[in-house]
Amino acid sequence: MRVIGKIQVVVNSSSYLPGRVLEQYGIVVVPLTVVINGDSYKEFIDIDAPAFYDHLAAGAKVSTSQPSPGDFVTVYEAAAAAGAEQVVAILIGSTLSGTVDSARLAAGMVSVPVHIIDTGVASFVEGLCAWEACEVLAAGGSLEAAETAALAVAKSAGNVFIVKGLELLRSGGRMARDESDPPPTGVPVLALENGAVRPKAVVTTIEVAMGLMVSQLQAAIAANPGKTYRAGISNGAADELAAILEARVRAIPEVTEVVQYVIGPAVGAHTGPGCTGIIFVPHPVSQA
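What you are looking at is a predicted structure, and each value in this text was computed from that prediction instead of being measured. (Residues numbered from 1 in each chain as written. Predicted model: local features only at pLDDT ≥ 70, side-chain atom pairs only at ≥ 80, totals over all residues. Heavy atoms only, no water.)

Novice: Looking at this structure, I do not really get the sheet that holds strand S2 (residues 28-30). What am I missing?
Specialist: Where strands meet in a sheet, backbone hydrogen bonds hold them as pairs that are either parallel or antiparallel. Strand order in the open sheet made by the 4 strands is S2-S1-S6-S7, with parallel pairing throughout. Looking at the sheet topology across the chains shown, the edges are occupied by S2 and strand S7 (114-118). Shown here is a sheet whose adjacent strand axes are inclined to one another by a mean of 25°, direction ignored. Sheet topology places strand S1 (residues 7-12) next to S2; 3 bridges connect them, and they run parallel. The residue of S2 that forms the bridge with valine 10 is valine 28. Lying on the sheet, helix H5 (residues 124-138) is in contact with S1 and strand S6 (86-91); it crosses S1 at an angle near 170°. Along the sheet face, helix H6 (residues 143-156) touches S1, S6 and S7 and points at about 15° away from the line of S7. (Pairing = 2+ DSSP bridges. Helix = DSSP H or I, 4+ residues; strand = E, 2+ residues; numbered from the N terminus. Axes fitted to C-alpha atoms, helices over the stretch in contact; angles between N-to-C directions. Contact = heavy atoms within 4.5 Å.)

Listed below in structure tokens is the structure:
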């Protein structure tokens, strides 16, 4: 286990940070749990994304749960043993998961000081929050400055995506829709806003949806002239669509860093297969 200075950074598995970033900053990942037909699996430890999507294709019933306080205690104690004088846990929003609650309970069970950052966001947006915080710490910034950067990313980041599993979103309680409304026809283009998935538009084809998603990023860039952007391309059993979307995003000069990440079981349980989209934020966020 490696720390930044004397600070150990901890994230949960649904942040979906690339391995090179985890390794660079010595970030420790606490896995969320996915329950498949009553059996529990830790994300990316007991089950990987392809196996999970195979279960979905076979009609499995799935749900998710947060890490236990004991999972966090193990990580905190290991960090202290490795020489960390502080731990900062940068986590999925407390309105979306009980992960923050588990992390806080665990903090009271260990001697090393633990600081919890509730990002208020989910998936790769929380990953971007942690990534930016690590950059601040690695540059010699304080824990307070790192938290400010992380929360600024959460506030500044945009997201837009499409799914083929809207029924999973609704059953998981994350789809903001009047139940009296008829189901949308065509291809819904969605965004996670204030803890709920909200429709941005319904278009006729996947091709139109892809163009609309790219235009959302371009609109953000136009609203912030002179800024560069970091972007993530989500891939939930949607290799072809994600590759097309990534190529289009890489062609935008203002986007200086692009990561394609796999949507794992913890988020895939809600979005289903065939999900792709863009998460984007000005980088560094202090420029925004």
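Novice: Sorry if this is basic, but what is going on with the environment of asparagine 12 here?
Specialist: When you line up the elements, asparagine 12 lands in strand S1. Taking relative accessible area as the criterion, asparagine 12 reaches 0% and is therefore assigned buried. Distance in space between the C-alpha atoms of asparagine 12 and alanine 150 is 15 Å, their sequence separation being 138 residues. With sequence-adjacent residues up to four places away left out, asparagine 12 is seen in contact with Val29, Val30, Leu32, Ile90, Leu91, Ile92, Thr99 and Glu126. In terms of polar contacts, asparagine 12 uses its side chain to reach the side chain of glutamate 126, at 2.9 Å. (Buried < 20%, exposed > 50% of the residue type's maximum accessible area, 1.4 Å probe, protein only. Polar contact = N/O pair within 3.5 Å; in protein donor to acceptor, adjacent residues only side chain to side chain.)

Novice: Sorry, what's going on with the sheet that holds strand S4 (residues 39-42) here?
Specialist: Strand order across the open sheet formed by 3 strands is S4-S3-S5, with antiparallel pairing between neighbours. One side of each edge strand has no neighbouring strand; the edge strands of this open sheet are S4 and strand S5 (62-65). When the angles between neighbouring strand axes are averaged without regard to direction, this sheet yields 30°. Both strand S3 (residues 33-36) and S5 contribute to a ladder of 4 bridges, which runs antiparallel.

Novice: What's the story with unusual backbone geometry in this structure? I'm lost.
Specialist: Both trends apply: most residues other than glycine have a negative phi, and most peptide bonds are in trans. Of note, the amide linkage connecting histidine 283 to proline 284 takes the cis form, showing an omega dihedral of -5°. With respect to the secondary-structure elements, proline 284 resides in the segment after strand S13 (275-282). We note that tyrosine 16 has phi near 55°; this positive angle belongs to a residue other than glycine. Take tyrosine 16: it is sitting in the loop between S1 and helix H1 (19-25). Assessed through its relative accessible area of 5%, tyrosine 16 is described here as buried. Located in the positive-phi region is phenylalanine 44, a residue other than glycine, with phi close to 70°. Here phenylalanine 44 lies in the loop between S4 and helix H2 (49-57). For phenylalanine 44, a relative accessible area of 41% corresponds to the partly exposed category.

Novice: Looking at this model, I keep getting lost on the nonpolar core. Mind explaining?
Specialist: One finds Val9, Ile27, Phe52, Ile90, Phe124 and Trp131 to be the most contacted residues of the largest nonpolar core, which totals 53 residues. Among the elements that line this core, the one with the most residues is H5, at 9 residues. Excluding anything up to four places from it in sequence, phenylalanine 52 contacts Val34, Ile36, Ile47, Val62, Pro265, Gly268 and Ala269. With 25 residues, the next largest nonpolar core counts Ile233, Leu241, Leu245 and Ile278 among its residues. (Core = buried A, V, L, I, M, F, W, Y, C linked by side-chain atoms within 4.5 Å.)

Just distances and angles here, no functional claims.
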